[in-house]
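Chain by chain, the residues run as shown.
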Amino acid sequence: MSRDFGNDSRDFGRDGRRAGGYAKGPRNNGGDRGRGGKPFGERRGGKYDDRRDGKPYGERDRKPYGKDRDGDRGAKRFDGGSRDHGFNARGDRGGKPFGDRGPRGGKPFGERRFNDAPRERLHVDRGGHDGKRGFGRDAQRGPQQGDSELLKSTLERIAGKGFAAYRDLEGTYAFDGYELTIGHVQRDPFAPPSKITVTVPQDMAGFDEGLYSAPHRRIALEDHVLRAFGQELAKNAFDFADFIKGGAFSVSRPGPEVIERSACSIDGEGVAMRFEATFPARERSIATREFEEMFFTALPRIVRDSLLAVSYPEGELQAVVDLADDQQAIRDELGKRDLVAFIADGAILPRETGISQRPMANAKPFSSPESLRVTIETPHAGSLAGMGIPAGVTLIVGGGYHGKSTLLKAIQDGVYNHVAGDGREFVICDATATKLRAEDGRSVRGTDISLFINNLPSGIPTDSFWTEDASGSTSQAASTAEALEARCRLFLIDEDTSATNFMVREPLMQAVIAPEGEPITPFVERLRDLYEKAGVSTIIVAGSSGAFFNVADTIIRMNEYEPEDIGELVRKACREQGAVAVPRAKGFARPNADRVIVSPQHPLVVKTSADARKADKERREGNAPKGPERLRTKVLGGVDIRVGSVGSDMRFVEQMIDAEQAKTLSLIVKECMERDLLSRLSVHEVVDTIWGELAEKGFEAVSGTRALECGMAMPRREEIFACINRLRPRD
């Protein structure tokens, strides 16, 4: 029969099934089910026939691989139609017994062609990447050390090989004026990028020691150099052919905030710039020419134009650190003057759009009301005048779209310094300021919320409250108590994102629902005690409730983005209208700060029955892991932190402003879990321990054994608290 699929009963479309499916006809569910309706043992050539020609397996003729009986594929026919691999019916090459044949020309092994010289062991590079099927170099060999010529010669040796042979390039290479380190190399063209570090010694970089003599100066300088490096990468983007995959450099992209990042570090030894590269590939093979263009042509130019002090215009770097000095001076002055925030005259607070960080064009500059104007002396900018918000309770009111939330957003972002030109360079607030809001569904682990919630109908204790699904009011109560544990000095609250029943209770509602029937103590009834007894100030944006007027020390009305001090006006109105004073709730006490969030009763890592069965099976088979389980980290959407089977949802932690901060937080959680800190220490002891190590060692404190890479940004101490407090088991 012909093998032409167009005439065969197995053709697509003839019987409604794929080629090679069952033929038409009655279907038998017994042993005779098979092609053509015949019993399995009787179909075509017998029970174990070759389906091509109907002969039993051992008697079939061999054909060129992958073709029908008339296919040639450019191959010659051998005896009996055997394949063009030189196998005869016995399965040997060339038809000779194994001992009589050699690897070349069919000669016996001892008579091989080059028997007059010892033969080196041949290493076959199969393009593997796991060491079992061969790298281009020996899997036991470590990273290479040498100069740029070694990199070039290695690249020439692996030219045209499988992509995994790029792993041979791992190592450190001395170029003219800098060292190039190729760290982790991606496994294939579609894997996460390779990790690259360029190190320039300080005698070559030439950055004056005074530019990084203090932490705030060093961070500002590193941030500026990182931005310049990123701009040079963009200017030197590659335009390779469409069939080339990869072939690009990338580095951290900061927003307007100045944050310490792992991508760039500058000290007395030099400049280290850490970035990523997607190595170029032709399909899945090494693209040598494109790699050379990236690393031997473009990168030296990028280094020269961004990592050497002489490449910057005169005075540019000094201006960067001078701004950082002025911002630090204002921050230091806040505590001395009993202020919690400062907004300089001329600041541009509105942003271009709700999702943009650029200042709005033609926006009205900020101007302080006279009654709140203060002047602060700075070392470089001189006297700066602006609105100083005093410690205590501050209320921001006004009509819709007049700038209330815009002012609060600028203040909450004032925990970070900003770059020149952002418009908020001199908007500074207390470094511990914490934005509080409702977070439906958040996890609460043993938090003492009794300051705000008591006498639950279910009898659940609130001095150590546990839930995986908190309501809006409960979540805001927990966040407030946790901020007190973290020794926060300033609360920031927007009425729009708060739980109404947590914030206030109207007199009519109090008359309808008796106090003994309401477990929630409104926040407004704790405001004065929070400041007078705990030293915590509060800035609240309110637009619908006047309950806060009686408890506020400072009242600011926003009118078309212009602030007005209306404190005296409001107090006079309260007296004239006989406004009822807000009662103070009884029994003020700071929340318990000694809570441990992991215990046998409240484990963080929950093992299911399936996990237990799998572990038992591995132990029986002798495959149980010898060391602790390796924890993997990932961050979803820049806010959802995952460490092994544990997660922390940071969506509503508004002052975590960068996905690279979330990456660092994931490594902090991993460090805590691997060292079993969460079950041995209280939350504030855990945070104090990690924060101290970060201050001493930097990112290396949590980066593990691998070399430091880009992609990490330093979170605040308050965000470390928030992350740990929101931990929960994940599927």
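Quick caveat: nothing in here was measured; it's all calculated off a predicted structure. (Residues numbered from 1 in each chain as written. Predicted model: local features only at pLDDT ≥ 70, side-chain atom pairs only at ≥ 80, totals over all residues. Heavy atoms only, no water.)

## Re the overall build of the protein chain
The helix and strand tally for the protein chain stands at 15 helices and 28 strands. Here the protein chain holds 731 residues, and the buried ones make up 46% of them. In the protein chain, once contacts between residues fewer than 6 apart in sequence are set aside, the share between residues at least 24 apart is 66%. Looking at the protein chain as shown, the accessible area adds up to about 37,700 Å², and 49% of this sits on carbon and sulfur atoms. (Helix = DSSP H or I, 4+ residues; strand = E, 2+ residues; numbered from the N terminus. Buried < 20%, exposed > 50% of the residue type's maximum accessible area, 1.4 Å probe, protein only. Contact = heavy atoms within 4.5 Å. Areas by Shrake-Rupley, 256 points an atom, 1.4 Å probe, with all protein chains shown as cover.)

## Notes on the pairing of strand β22 (residues 537–541)
Residues in a regular strand point their side chains to alternate faces of the sheet. With 5 of its 5 residues buried, β22 lies for the most part within the structure. Taking every second residue as pointing to the same face, both faces of β22 are buried, with S537, I539 and V541 on one and T538 and I540 on the other. Where strand β15 (residues 393–398) lies against β22, 4 bridges are found, and the strand directions are parallel. Note on β22: the bridge partner recorded for V393 is T538. Sheet topology places strand β21 (residues 490–494) next to β22; 5 bridges connect them, and they run parallel. Paired with D494 across the strands is V541, a residue of β22. (Pairing = 2+ DSSP bridges.)

## Observations regarding the confidence of the model for the protein chain
Residues at a pLDDT of 70 or more form 77% of the protein chain, whose mean pLDDT is 84. Contacts for the low-pLDDT stretch residues 1–140, under 50 throughout, to residues beyond four places or in other chains number 152 contacts. (pLDDT = per-residue confidence, 0-100.)

## A look at the environment of P522
With respect to the helices and strands, the residue P522 is situated in the loop between α9 (507–512) and α10 (527–532). Residue classification places P522 among the buried positions, given a relative accessible area of 3%. Counting along the chain gives 49 residues from P522 to S473, while the straight-line C-alpha distance between them is 9.7 Å. The contacts of P522, once residues within four sequence positions are left out, are F502, M503, V504 and R505.

## Notes on helix α1 (residues 148–157)
Among all positions in α1, only S148, L151, T154 and L155 are buried. On an axial view of α1, the arc spanned by its buried residues comes to 125°, and they lie on one face. Close packing links the buried residues of α1 with β1 (144–147), β2 (171–175), β3 (178–182), β11 (285–286) and α4 (288–306). Its side-chain oxygen 3.1 Å from the backbone nitrogen of E149, D147 forms the N-cap of α1. (Arc of directions from axis to C-beta. Polar contact = N/O pair within 3.5 Å; in protein donor to acceptor, adjacent residues only side chain to side chain.)

## Regarding the sheet that holds strand β27 (residues 646–649)
Here we have 4 strands laid out as an open sheet, ordered β25-β26-β27-β28, and antiparallel in their pairing. With one partner strand each, in any of the chains shown, β25 (633–636) and β28 (727–729) form the two edges of the open sheet. When strand polarity is set aside, the average angle formed by the axes of neighbouring strands in this sheet is 25°. Of the strand pairs in this sheet, β25 and strand β26 (residues 640–643) are connected by 4 bridges, and their pairing is antiparallel. (Axes fitted to C-alpha atoms, helices over the stretch in contact; angles between N-to-C directions.)

## Re the pattern of salt bridges
Enumeration according to the criterion identifies 47 salt bridges in this entry. Residues E485 and R595 are paired through a salt bridge, measuring 2.7 Å at the closest nitrogen-oxygen approach. Highlighted residues: E485 in helix α7 (residues 472–485) and R595 in the loop between α11 (567–577) and α12 (609–620), separated in sequence by 110 residues. By relative accessible area, E485 is classed as buried at 4%. As a salt-bridge pair, K533 and D529 come within 3.9 Å of each other at their nearest N and O atoms. Overall, K533 belongs to the exposed group, its relative accessible area being 57%. Connected through shared salt-bridge partners, R528, D529, E532, K533, D553 and R584 make up one network. (Salt bridge = Lys/Arg side-chain N within 4 Å of Asp/Glu carboxyl O.)

## Digging into α11
Along α11, the residues classified as buried are G567, V570 and C574. The buried residues of α11 occupy an angular sector of 70° when the element is viewed end-on, so they sit on one face. In α11, the exposed residues that point more than 90 degrees away from the buried face are E568, L569, R575 and E576. Those residues of α11 that are buried are in contact with β23 (554–559) and β24 (562–565). Phi turns positive one or two residues past the end of α11, at G578, with a value near 65°.

## Some details on the packing of aromatic side chains
For any pair of aromatic rings, the description consists of the separation of the ring centres together with the inter-plane angle of the planes. Counted by the stated rule, this structure contains 17 aromatic pairs. Measuring from ring centre to ring centre gives 6.4 Å for F207 and Y312, while their planes differ by 55°; the resulting arrangement is tilted. You can see F207 sitting in the loop between α2 (202–205) and α3 (215–235) and its partner Y312 sitting in the loop between α4 and α5 (316–336), a full 105 residues away along the chain. Residue classification places F207 among the buried residues on the basis of a relative accessible area of 3%. Exposure remark for Y312: the relative accessible area of 9% places this residue in the buried category. Here the aromatic residues F163, Y166, F229, F238, F240, F249, F275, F279, F291 and F295 are joined through ring pairs into a cluster of three or more. Looking at K152, its charged tip hangs above the ring of F296, at a distance of 4.8 Å from the centre. (Phe/Tyr/Trp six-rings, centres within 6.5 Å; stacked < 30°, edge-to-face > 60°. Lys NZ or Arg CZ within 6 Å of the ring centre and 35° of its normal.)

## With respect to the packing of helix α14 (residues 683–697) against helix α15 (residues 717–725)
Viewed as axis vectors pointing N to C, α14 and α15 meet at an angle of 135°, and their least axial separation amounts to 10 Å. When the interaxial angle is binned, α14 and α15 end up oblique. Crossing geometry of α14 relative to α15 is assigned as right-handed. In this structure, α14 uses V683, H684, V686, V687, D688, W691 and L694 to contact α15, whose residues at the interface are R717, I720, F721, I724 and N725. Residue classes in the contact of α14 with α15 are distributed as 8 nonpolar, 2 polar and 2 charged. (Parallel < 35°, antiparallel > 145°, perpendicular 65-115°, else oblique. Left-handed = near helix turned anticlockwise from the far one by under 90°. Nonpolar A, V, L, I, M, F, W, Y, C, P; charged D, E, K, R; others polar.)

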